[in-house]
Each structure stands twice: as C-alpha cells, then as structure tokens.
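# Chains, contacts and geometry: an overview
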Amino acid sequence: MIALTVNGHTQQVDVDPETPLLYVLRDELALNGAKFGCGIGQCGACAVIVDGVAVNSCVTPVGTLKGRRVVTVEGLGTTGKPGVLQQAFIDEQAAQCGYCIAGMIMRAQALLDHNAAPTDAEIRTHMAPSLCRCGTHMRILRAIRRASEALKHDAAPRRETGP
Amino acid sequence: MSFSLPLRPAMPQAPAEKRLPGSLERSPQLDSWIRIDERGAITVFTGKCELGQGIKTALVQVAAEELGVAPESIHLVTADTAVTPNEGYTAGSHSMQDSGTAIRYAAAQARSLLIGAAAAQLGVPRQRLKARDGEVVADDGRRLGFGPLVKDELLHVTADGRAELTDAAHYRLIGKPLHRIDIPAKVSGAPAFVHDLRLPGMLHARVVRPPSYHATLSRIDTAPIAKLPGVRAVHRDGNYLAVVAEREYQAIAAMHAVEGAASWNEAPTLPESEKIFDWLTSQPAEEVPVVSGSGGLTGRMNILEATYRRAYQMHASIGPSCAVAQFENGQLTVWTHSQGVFPLRAAIAQLVQLPADKVRCIQLDGSGCYGHNGADDAGADAALLAMALPGHPVRMQWMREQEHAWEPYGSAMITKARAALGPDGRIAGWDYSVRSCTHATRAGPAGNLLPAWLLAHPSAPPPPRPLPLPEGGGHRNAAPIYSIADARVAYEFVSAMPLRVSALRSLGAYMNIFSIESFMDELAQSAKADPVDFRLRHLDDPRARAVIKVAAERFGWADYPRRQDHGRGFAFARYKNLAAYLALAAEVEVDRKSRRVRLKRAVAAVDSGEAVNPDGIENQIEGGILQAASWTLHERVTFDRTRITSRDWSSYPILRFSGIPDEVRVHVVNQPGAPFLGTGEAAQGPTAAAIANAIADATGVRLRDIPLTLL
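Please read these numbers as outputs of a predicted model, since none were measured by experiment. (Residues numbered from 1 in each chain as written. Chains lettered and ligands numbered in written order. Predicted model: local features only at pLDDT ≥ 70, side-chain atom pairs only at ≥ 80, totals over all residues.)

### Considering the overall build of chain A
Applicable threshold: Secondary structure follows DSSP: runs of H or I at least 4 residues long count as helices, runs of E at least 2 residues long count as strands, and numbering of each begins at the N terminus. The globule rule used here is 2.2 Å times the number of residues to the 0.38 power, and the radius of gyration it is set against is calculated over C-alpha atoms. Exposure in this text rests on C-beta crowding, where 20 or more other C-beta atoms within 10 Å of a residue's own make it buried, 12 or fewer make it exposed, and counts in between make it partly exposed. The C-beta atoms are placed from the backbone.
A count of helices and strands for chain A gives 5 helices and 5 strands. In sequence order, the secondary structure elements of chain A are arranged as β-β-α-β-β-β-α-α-α-α. For a compact globule of 163 residues, the expected C-alpha radius of gyration is about 15 Å, and chain A comes in at 16 Å, within 12% of that figure. Here the C-alpha coordinates of chain A stretch approximately 45 × 45 × 30 Å along the principal axes. Relative to its full complement of 163 residues, chain A shows a buried share of 54%.

Here it is, written out as structure tokens:
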C-alpha cells in the first residue's frame, strides 16, 4: 500500500510502486484529467503538479511520491466552478479537441504559481515541452496571460489590506 | 455525400429541383433529427461527430435559432448507429453543409408545425403566433408549451425542406460567437473522451503489433505471460497479438512481455526513403482527367516549369487511438472516436462475422484526428477482444509508437506545373499534373481495418480507387481556380501503397494548393507583378476577390516594411473549389545561423458562407494555420527498407511553443443568408504556399519540397 496525496486528499493505493502515477490517477482514483499521450515524457498530455513542479505523470513511478503533494486539473476547480486558469481557458476558448488541455493547464499553473506575471517569452519557453496538434497554441498563450492578469487583479486588494 | 452549392449570395439554401437540403435528402424523417417530449425537452440528433472542430456547438446554435429557444435547452446526440441519422463520415469539411443545413431546415419545419398546431388550438391565424423559449406565444398573451403541442406525433412526418428560415435580420444566435459546449468539461477533467469511459467490470487491453507491415510471427510462448499479475488473456490469432488484464498498467507490462517473447520474420519491402519520389514516378498510374483542355502551351512561348514534392506526413494525434467494446447477449457495442460510425459498423460486423444489426457503434470524443488515423482500427481491436471475452467491457488504447508506425499517412506526392504568360501579362497556358497514392482507404470494407490484415484468416484491403470529382482525393484542388483560357490538369493515380496511406486533413488539396500558389508567385515574378495583383488579375468571383483584399489589407501588404531575414508571402484558395474561400498573408523570419524558418505572422480572411459560430471558424483556421505550418516546415515520415522509423515525437518532431508565430489573425467575412461552406480544412494549402512564397521573398530561394528546408 502506498499513501498518495492527490488534490489535498491522502489515500492508500494498492499498486506496484513501479506503476507510473498516470495509471494510478486514471484507474485507481478515476481521475480523467491526466491523459496518456506517449508514455515516455515527450508530449505533456499527462502533466500534473508534484510539490509545485510540473511533471509528466507517465514517467513518474508512484512509489517515489510518498509524502509529496500531487495536484491534477481536478484540483483546480470543477466544470461548474472552474478555477482562475480553467476559466481563462474557457474565456479564450483555448481548446479544439481538448486532449492536451488538462496537461497544458497544469504546466501553466506550475508557472503561475511561481511567477504570477510571466513575460510572453517566459510562457513560450515554459510551455515548450507540451505538444498540441490542433494548433491551439495562440489561444493557450492568451489564456495564460488572461489568468495572469486576473491573478494580478485578485492580488492587488490583498496587498492593500496587508501589512 | 457531395452537394453542389450555387454561388448566389442571397438565400440559395432552398434546394434546386427536388433534392432536400443537406442530409435531409438521405434521412428525410423529421423526428430522426428533432424530438420533443411531453415535458417540452428538445433533443436534436446528428450523424456527425465532434472531432474538436466545435461542430456540436454550431449545430446547437442552428437548431436553437430556428426553434426560438436558448442553446442550453437543447440536448444534442452525436453519431450513434442505434439512434442518429446516417451521415456517413465526418470528413471533408462537410458537417455544416450536410448536418447543419439538415438540422436548420428540420428545426424550421418543427417550429412551423408547432405554430400550426397552436394556431388550430387557439383559433388564431399563424401570423399572430411566435415560438419563444419553448412555447408558442400569441400576440394576446396566450401561450402553449412545446410539450403539449407535440402529442399525436406532430413531428413524425417527412421533411419537406420548404420551411421558412429565420431571416438574418432577426438572428439571436447565428453569426454570434458562442462558447463551445464541450470545453468546460475538457478543462476540468470531467469525463469527456472515449478514453475516460469506465464501465463496470471493464478490462484493459493492449495490442502487440508486428515490427513492420509484413512481418510474420515465427515463434512465441505465451504461457509465462498468462501468469503475470492481473492478466486475463493473451490473445493470438495468426499475426495478431493482444493482452487483456484487470488494470491498465498490468496490460502494458504484459504487452512488453509479449513483445520480448515474440520472434518475427521480416523482409525489406519498402522503397528506399531517399529515392521515394523516383519510386513514385516509376510506378504505373491511372490517368484521371481533371481539366481536359490542351494546356495552350506552344513551342514559341516562354514556358515556366516547376516540380514540387511532398514527403509522407502523419496525422500524429496527441492521444493514441482508443475504443471500448462489449459483447453481451449476442450484441456487440463499440464506443469509438471514429469519424464514421455507420461505415465502421459495417466493417466491424464483417470482421467479427455478426449481422450489422447486432453491432452498435457509438461515437464519443477523442483526440483530434485530422482525417483517417487509427480510430477505426482501434474500434476493430476492441471489438475483436470483446468477442474473445464475452460479457466483459474491454478498453483498448494504442501505444504512442503504434499510432505513429501504423496510422495511415498522407501520401508522398509530386506535382508538375508548366505555364506561360501572354503579352498581356496574364496566364496564356497551363499544364499541371499531380501524382500520388490513394487518399481514401477508410473502413467500410473490413479489409481496410488494420487488425484484419493480421488475423489467421486475413482480409486484404480492396484495391484503392480515386475519389470522384468534383471533390476528389489526390486531385482535390488540382484544377486552378483562376481564369485561364486553356488549361490541362491530370491526376496520375498510383494504386500501389508500400506505406499505409489514407485521408489526411484536406487530402490532395494541401499539396495542390501549395504547388499552384507557389507557381502563381513564380509566374507573378516572371510577369514583374505584385503577387496579390497577379492573383486578382485572374479572378472574377467577387467573394474570392473580397477575401484576398481583406487579408492583404489587414496584413499591411501594400506598405510592408523590408527587413533583413524577413519576407512576406501570399496565397489564396477556395477549398475543393466549392467550399470556403481563404486568403492568407504570412511573414517568415529566417535564422541566419541555423537556416531555420519560423512563421512569424499570419493574417487570414475566410468566407465560410453563413458563419454560425464565428469564433469556432477562427479557432479552426488558427489551428489549421499552425498545423499546416508544422507540416510545411517540420514534418516527414522516416523509414528504412523494412520499418517505419518515425515512432515517437523525437523521430517525428512537430511544431512546439518555441516555434509558434508571434501573431495569427483570422478575419471572418460573413455572408448572412448564404449557404454554409465547409471550413475546417481550408487553411492547410494556403498556409504552405504563403510560407514558401515568404521564404522566397526573404532569401531569393524558391523551395519546392515539403518539408521546406533551407540548405
């Protein structure tokens, strides 16, 4: 049994510790966001955040994740109540088939968590490991910029009332 | 499937002669498209599939507009052999033309019937009634809900295609951007794809493919693999191998074990990669006339000639193909991201030897396919394994290397263009040929399903045939759209296919438009004419001229500032010469050191006829531009004499964020009241040519081989 913390909940999973996180998320925890794309860490369709860093869950053995915090796209919001970045993807209509999108969102979220106001060049460099075949790149960039703007506005009042 | 569209801008959607509009011709029963239950709940049925092109949303918009309801109040059911009309394949940018038109007329007729029934019940003339928010409302304030009005099978009638459509002046929804109905689920991890389907007791399968197309299995001992954890079956049928396990990763582990245990006989059956165009040229070909003039070229003319080539290219979907199937009580159900559930049902029924009425194929969203990828084959894989394990739902997904190595590619192609200018600076003669393997090996016959080739009793693919004109396959868009006094155009159809090939987004149109639009620039240069002016010189169609002018103007063509290592290029086409018009101006940047080219800026103008969801059109065109830029600058399937060697994203690189443009703009030139014109594939060819023309402008070097590479 492995204690795995996903989206704030810790649960015991009974799998071989060699099993990549992707299959545990999909098959044991019935989470759909992370997708199988290549199985060799080349495309980013399976990206999730582990301790603040975007990782490809298809090449991350679940046995290495004890005591670490995993966040998937389901942890950012729901269909009815999307998170800031998810809402930005909806507002920009930044999806075509949508198969890569959960991975895109998680990679972008990892960037915004560290740098709420990335430059265009920083976004492009950061997102380079994630592949999109529909050619939705321009909209994905716009969605990330929009979320960054929204976070700035959200953060501003807090700074005013802060110490 | 095809249906010809008049060019008049004013309301020509009403059919000429007796044909019913769009797919109503094939499925004329009104309630096969629209049903309303006694509580007033509205269900709309389409035989088309959501492929990421946003078709669900546009169809809901059309239906909601004509029924006078909010889009949220419509439940849309997509392709399912048990419940929806048969609309063949979702391909060729036909969905709005076929299904959008059918649903629009069906909804308008349903509205008319509802108003008629209310008029009878209320005893008022129809002119005093309006359909609004699920009710028919009289001008005196009396109202009747749709639910009570539909009793006695009001909608169980034959469509007449004569209903009055909502006037463009009164549109609430058509022509206005609407958020896609499928995106919220896709950004939040809700079950949205066939990949996410989880059925009780579901098992996981993986197939093991031979290492090359014609490899045969010489030896395997499956006994140790059957004992691996969770393994429920190791399935062998001739050269067909698969494993089924309780958990997905157990299936993958078992698959690797089978791969390790299997010995194969292989032989070098592929042509030499470096000489693939020599091979293509040397093949016997059937000549299909496209334009039967003489070509108008004589020995006295100064004839310009050029040859263009395209390497094999792949769909390269991000998600490997997937399907779920279950065989229970003599009935086989397949959940699939196929583009055509009805043809797939026929193919699978033949493959597993069941009557077609014992097979149901249900379409669910998948990873974008961009044509005929592994989707149908995966459906067949899941079906074979479900038949082997009756009762259990079986989920099967391909691995990355299986998708890369076994999907049907877009064929290698060669085009040859010859033309001469007259003294007036116009094209006086035109002789063009395109040579290609087939672009159509879709399922329908079981022999077109890859698993069928591998079985102990295999089915071979039927001999390929050229797709008919006017849409065509390899010869799609081979006829120049420009006014040329005498043209000859021929398609040289090669039936051999050493590499598996089929329909890749836009089929031959990508290569033909690339060739024609590159050659137009070569001719313009020879005529010392501006490329935009040169095109306009040969075009009378005001809609063609309009998109060209919009694209040039918004790009800033006339006052483009010259900069080192930068260039501009232009291209125009009307997809299939009968669907959407698209003009595109592009700027490229050439890196001096690496000689790599980046599409820096693209400005497109598109006329899709009546634009239902303009943002959906923009999204499709933006995506088409980026995908075509990737094809044009980066992509080539590699192979040795025996095996496909493009097996992952490092051996088949595609465009990444690091190489995308600074800016892409799409301007929708709307034509309210005009017929819908297929749009999803319209950007592919013009993008390729605009890039090549921009490279020539930047460097003086004319590149004619795709992928375009500066030496």
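Still to come is the rest of the account.
### Digging into the overall build of chain B
When its secondary structure is counted, chain B shows 16 helices and 25 strands. Its C-alpha radius of gyration of 27 Å places chain B within 12% of the 27 Å reference for a compact globule of 711 residues. If you line up chain B on its principal axes, its C-alpha atoms span 80 × 75 × 45 Å. Counting across all 711 residues of chain B, residues that qualify as buried make up 57%.

### Observations regarding helix α4 (residues 120-127) of chain A
Which entries qualify depends on this criterion: The arc in question is traced by the directions running from the helix axis to the C-beta atoms.
Among the residues of α4(A), those classed as buried are Ile123(A), His126(A) and Met127(A). Down the axis, α4(A) shows its buried residues gathered within 90° of arc, on one side only.

### Comments concerning the sheet that holds strand β20 (residues 487-493) of chain B
All names here are of chain B. Where we set the bar: When DSSP finds two or more bridges between a pair of strands, those strands are recorded as paired. Think of it this way: build a C-beta for each residue from its backbone, and any pair within 7 Å is a contact. All axes are obtained by fitting lines to C-alpha atoms, using only the stretch in contact for helices, and the reported angles, taken between N-to-C directions, cover 0 to 180 degrees.
Taken in spatial order, the 6 strands make up an open sheet running β12-β20-β19-β18-β13-β25, and their pairing is mixed. With one partner strand each, in any of the chains shown, β12 (286-292) and β25 (705-706) form the two edges of the open sheet. Here helix α12 (residues 509-526) sits on the sheet and contacts β13 (303-310), β18 (413-421), β19 (427-436) and β25; the angle it forms with β18, its principal contact strand, is near 30°.

### Thoughts on the interface of chain A and chain B
Using the following cut-off: Charged residues are taken to be Asp, Glu, Lys and Arg, nonpolar residues to be Ala, Val, Leu, Ile, Met, Phe, Trp, Tyr, Cys and Pro, and polar residues to be all remaining types, Gly included.
Counting from both sides, the interface comprises 49 residues of chain A and, opposite them, 48 residues of chain B. Counting residues per element, the ones that place at least two in the side of chain A that touches chain B are α1 (21-28), α2 (84-91), α3 (101-114), α4 and α5 (137-161) of chain A. Broken down by class, the residue content of the side of chain A that touches chain B amounts to 25 nonpolar, 18 polar and 6 charged.

### Comments concerning helix α2 (residues 95-122) of chain B
All names here are of chain B. Our working definition: Residue count minus one, scaled by 1.5 Å, sets the expected span of a helix.
Compared with an ideal rise of 1.5 Å per residue, which puts 28 residues at 40 Å, α2 spans 39 Å between its outermost C-alpha atoms and is within 8% of the ideal. In terms of burial, α2 is largely enclosed, as 21 of its 28 residues are buried. Among the residues trailing α2, Gly123 stands out with phi positive, at a value near 65°.

### Here's the deal with the environment of Ala192(B)
Positionally, Ala192(B) belongs in the loop between α4 (183-188) and β7 (203-208). On the neighbour-count criterion, Ala192(B) (26 C-beta atoms within 10 Å) is buried. Taking C-alpha positions, Ala192(B) is 8.4 Å from Gly366(B), a pair spaced 174 residues apart along the chain. The contact partners of Ala192(B), leaving out residues within four places of it in the chain, are Gly98(A), Asp182(B), Ala185(B), Lys186(B) and Asp365(B).

### Here we look at the sheet that holds strand β3 (residues 74-77) of chain B
Residues and elements named next belong to chain B. Strands sit in the order β1-β2-β3 across an open sheet of 3 strands; the sheet is mixed. The open sheet is flanked by β1 (34-36) and β3, the only strands paired with a single partner. Put simply, the sheet's adjacent strands are angled 20° from each other on average, direction ignored. Examined bridge by bridge, β1 and strand β2 (residues 42-45) share 3 bridges and lie antiparallel to one another. Within the sheet, the bridge partner assigned to Arg35 lies in β2 and is Thr43. Helix-sheet contacts for helix α1 (residues 55-67) involve β2 and β3, and the interaxial angle to β3 is about 135°.

### Here's the deal with the pairing of strand β22 (residues 581-590) of chain B
Residue and element names in this part refer to chain B. Buried residues dominate β22, accounting for 9 of its 10 residues. By the bridge criterion, 9 bridges tie strand β21 (residues 566-574) to β22 in an arrangement that is antiparallel. Following the sheet pairing, Ala573 is matched in β22 by Leu582. Count of turn residues in the β21/β22 antiparallel hairpin: 6 residues, of which Lys576 carries a positive phi of about 60°. Both β22 and strand β23 (residues 597-607) contribute to a ladder of 10 bridges, which runs antiparallel. By the bridge assignment for β23, Val590 is matched with Val597. Linking β22 back to β23 in an antiparallel pair, the connection comprises 6 residues, with Arg595 at a positive phi of about 65°.

### Things to note about the domain arrangement of chain B
Residue and element names in this part refer to chain B. This is how it is decided: All domain edges in this entry derive from an automatic or database-based domain assignment.
With domains assigned, chain B is organised as domain 1 (22-185), domain 2 (194-266 + 318-406) and domain 3 (413-439 + 474-706). The interface of domain 1 with domain 2 comprises 15 residues on the first partner and 13 residues on the second. Among the residues making up the side of domain 1 that touches domain 2, the classes are represented as 6 nonpolar, 6 polar and 3 charged.

### Re the nonpolar core
One broad trend across soluble globular proteins is that nonpolar side chains are buried collectively. Which entries qualify depends on this criterion: Joining buried Ala, Val, Leu, Ile, Met, Phe, Trp, Tyr and Cys residues through C-beta atoms within 7 Å gives a set, and that set is a nonpolar core.
Ranked by internal contacts, the top residues of the largest apolar core, which has 282 residues, are Ala551(B), Leu582(B), Ala604(B), Val606(B) and Ile691(B). What Ala551(B) contacts, discounting residues up to four positions off in sequence, is Ala583(B), Leu584(B), Ala585(B), Val603(B), Ala604(B) and Ala605(B).

### Concerning the packing of α1(B) against α2(B)
All names here are of chain B. Rule in force here: By definition in this entry, angles of less than 35 degrees are roughly parallel, angles greater than 145 are roughly antiparallel, angles of 65 to 115 are roughly perpendicular, and the rest are oblique. Crossing handedness is read from the near helix: turned anticlockwise from the far helix by less than a right angle, it gives a left-handed crossing, and turned clockwise, a right-handed one.
For the pair α1 and α2, the least separation of the axes is 8 Å and the interaxial angle reads 25°. On the basis of the axis angle, α1 is roughly parallel to α2. As α1 packs across α2, the resulting crossing turns out to be right-handed. Judged by residue contacts, Ile55, Ala58, Leu59, Val62, Ala63, Glu66 and Leu67 of α1 engage Ser95, Met96, Ser99, Gly100, Ile103, Arg104, Ala107, Ala108, Ala110 and Arg111 from α2.

### Some points on the confidence of the model for chain B
All names here are of chain B. As a reminder of what qualifies: A residue's pLDDT is simply how confident the predictor is in it, with values from 0 to 100.
Summarising the model, chain B shows a mean pLDDT of 96, and 98% of its residues fall at 70 or more. A low-confidence stretch, residues 1-16 stays under pLDDT 50, and its non-local contacts, those more than four residues away or across chains, total 21 contacts. Reported confidence for the predicted complex is 0.95 by ipTM and 0.96 by pTM.

### Focus on the environment of Cys46(A)
All names here are of chain A. By the secondary structure assignment, Cys46 is in the loop between α1 and β3 (47-50). Overall, the presence of 30 C-beta atoms within 10 Å leaves Cys46 in the buried class. Counting along the chain gives 23 residues from Cys46 to Tyr23, while the straight-line C-alpha distance between them is 10.0 Å.

### Description of unusual backbone geometry
A cis amide bond links Leu469(B) to the next residue, Pro470(B), at an omega of 15°. With respect to the helices and strands, Pro470(B) occurs in the loop between α11 (450-454) and β20. Here the bond from Ile706(B) into Pro707(B) is cis, since omega is 5°, no more than 30 degrees from zero. Mapped onto the elements of the fold, Pro707(B) is located in the segment after β25. Not every positive phi belongs to a glycine, and Asp51(A) is a case in point at roughly 50°. By the secondary structure assignment, Asp51(A) is in the loop between β3 and β4 (53-56). The exposed category is assigned to Asp51(A), around which 11 C-beta atoms lie within 10 Å.

### Considerations on the packing of α2(A) against α3(A)
Residue and element names in this part refer to chain A. At a minimum axis distance of 10 Å, the contact between α2 and α3 shows a crossing angle of 125°. Overall, the two elements α2 and α3 adopt an arrangement that is oblique. Read as a crossing pair, α2 and α3 show a hand that is right-handed. In this structure, α2 uses Leu85, Gln86 and Phe89 to contact α3, whose residues at the interface are Ile101, Ile105, Ala108, Gln109 and Leu112. The residue makeup of the contact of α2 with α3, split by class, is 6 nonpolar, 2 polar and no charged.

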